[in-house]
Amino acid sequence: MEERQRGHNQVTNGNQFKSAVKQAEVGSRIPRFIRINPSRADPNPVIEALAKETGSTCTSVDWMPREMRFYSLDSSARISGCPAYECGDVYGIDVASAVAVIALGVESNDHVLDLCCAPGGKMCLIADIQGNSDDVVGTVTGVDISRARISTCKAYGTSFDVHAPLRVGKWTRPASISDEPADSHANTSKSDSDTPAIPSKRKAVNGDENLARKPIQTKVKPFHATKLVIGDLQIKSAALLYDKVLVDAECTHDGSIAHLKKCNEMGWEKFKATFFDPAKMDNLETLQRGLISNWFRLLKPGGILVYSTCSFLKRQNEDIINWFLTANTGCAVLEAVPGSDKFPVAKALAGESPCMLRFTPTASNTSGLFLARIRKI
């Protein structure tokens, strides 16, 4: 209880949020970040078209790997309605959010689990990193609790035309059926008992019940095939664990520039009452602890879990990681994010590990993001 009260005291002090809003609004403006579809062989025509359509300079984000194709536009630029957006050449995603995917270290043969996957930008990025060549056996599974958010995620992958067969985009197969055999490359090292069979739904014709009962060839979908899942995954076999897990946890979103601007619109007191009610904060902390713990169980030994939020609050970030590492002593270890020395991150909080990264409007010129990389041992 004392720990939670300390967290509440952090919330009631709105100065850090007011300062962030002021610097975002009055100081250096946060750019509008986009990603250009890597399937476009030459990005220059897209860059030129965007500059013309938005009236904004399209600049490469120099601290991101160039092959990721992240660019910034003026903060006032709007890509919705632009031909480049409508035809799937670009989509909007804050560059800090992409770092959470980079921290996973995704490889082409990885089975990746993306929790709270909507609206789908990070899932698209994971699929693109894996590639779509014939020798790619990796998959990405997106999970969200909301059917509406899952629909948004599916539309996101389809509109961006992700070139990753059997994962996301226009080649996505229905979640309930597949003509992929159970012993295919997508089901490597898994027994038939690990592969859920989809029963026939054939109906009787002209009252002939025998026809309905007639055995037909059952189609199955390998467990590790790309899919969008509503709710919880039920895994009972170690063969079905994931190589990489991304937990983009539900949070107060106070690091989001859009949410921060609401401070100016509704006033800090109303903002605090809406987003930081003490009871809601307690429930949210319980949820975040549950998310990181439950989904860590779906990770293979040696696998990587990345926990991220778009909150500035220590209670939702460093405190969750420290609690989790203590609860899983001997099973989990905090690691540095590869390449993090090139990222424009804020200074680590006093007494906290520099392996836990914070992106802020003032230090990074991005929306707020916290992330930590944990290896299962």
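See the structure above.
This is a predicted model, so every value here is computed, not measured. (Residues numbered from 1 in each chain as written. Predicted model: local features only at pLDDT ≥ 70, side-chain atom pairs only at ≥ 80, totals over all residues. Heavy atoms only, no water.)

### Some points on the side chain of R358
Here's step 1: For R358, the location among the structural elements is in strand 13 (residues 357–359).
Here's step 2: Within the local environment of R358, its side chain forms a polar contact with the backbone oxygen of F312, the two atoms lying 2.9 Å apart.
Here's step 3: Side chain to side chain, R358 and E318 meet in a polar contact 2.7 Å long.
Here's step 4: With sequence-adjacent residues up to four places away left out, R358 is seen in contact with F312, L313, K314, N317, E318, V345, A346, L349, S364, L369 and F370. (Helix = DSSP H or I, 4+ residues; strand = E, 2+ residues; numbered from the N terminus. Polar contact = N/O pair within 3.5 Å; in protein donor to acceptor, adjacent residues only side chain to side chain. Contact = heavy atoms within 4.5 Å.)

### With respect to the sheet that holds strand 3 (residues 70–73)
Here's step 1: If you walk across this open sheet you meet the four strands as 2-3-1-4, and the pairing is antiparallel. Each edge of the open sheet is held by one strand with a lone partner, namely strand 2 (59–60) and strand 4 (90–92).
Here's step 2: As paired strands, strand 1 (residues 32–36) and strand 3 are joined by four bridges and run antiparallel to one another. Along strand 3, the bridge assignment pairs F33 with S72.
Here's step 3: On the sheet, helix 3 (residues 44–54) packs against strand 1, strand 3 and strand 4 and is oriented at approximately 145° with respect to strand 1.
Here's step 4: Taken strand by strand, helix 6 (residues 121–130) contacts strand 1, strand 3 and strand 4, and its axis lies near 135° from that of strand 4. (Pairing = 2+ DSSP bridges. Axes fitted to C-alpha atoms, helices over the stretch in contact; angles between N-to-C directions.)

### Some remarks on helix 10 (residues 268–275)
Here's step 1: If you check which residues of helix 10 are buried, you get W268, F271, K272 and F275. The arc that holds the buried residues of helix 10, viewed along the axis, is 100°, so those residues lie on one side. Those residues of helix 10 that are exposed and angled more than 90 degrees off the buried face are E269, K270 and A273. (Buried < 20%, exposed > 50% of the residue type's maximum accessible area, 1.4 Å probe, protein only. Arc of directions from axis to C-beta.)

### A word on the pairing of strand 5 (residues 111–115)
Here's step 1: In terms of residue burial, strand 5 counts as a mostly covered element, since five of its five residues are buried.
Here's step 2: Across the two faces of strand 5 the burial is the same, with H111, L113 and L115 and V112 and D114 all buried.
Here's step 3: Here strand 5 pairs with strand 6 (residues 139–144) via five bridges, running parallel. Bridge pairing in strand 6 links D114 to G142.
Here's step 4: The handedness of the strand 5 to strand 6 crossover, carried by helix 6, is right-handed.
Here's step 5: Strand direction decides the pairing type here: strand 5 and strand 10 (residues 242–248), joined by four bridges, are parallel. Bridging from a neighbouring strand, L115 pairs with V247 of strand 10. (Right-handed = clockwise from strand over helix to strand, strands pointing away.)

### Quick word on the pattern of salt bridges
Here's step 1: Overall, the coordinates contain 12 salt bridges when judged by the stated rule.
Here's step 2: Of the charged contacts in the structure, one is a salt bridge between D243 and K300, with a shortest N-O distance of 3.2 Å. In this pair, D243 sits in strand 10 while K300 sits in strand 11 (residues 299–309), placing the two residues 57 residues apart along the sequence.
Here's step 3: With a closest N to O distance of 3.0 Å, E335 and R373 form a salt bridge. Taken together, the positions of E335 in strand 12 (residues 332–335) and R373 in strand 14 (residues 369–376) put the pair 38 residues apart, joining distant regions of the chain. The pair formed by E335 and R373 is uniform in burial state, with each residue classed as buried.
Here's step 4: Each of the salt bridges in this network shares a partner with another, and the network as a whole consists of D282, E285, R289 and R315. (Salt bridge = Lys/Arg side-chain N within 4 Å of Asp/Glu carboxyl O.)

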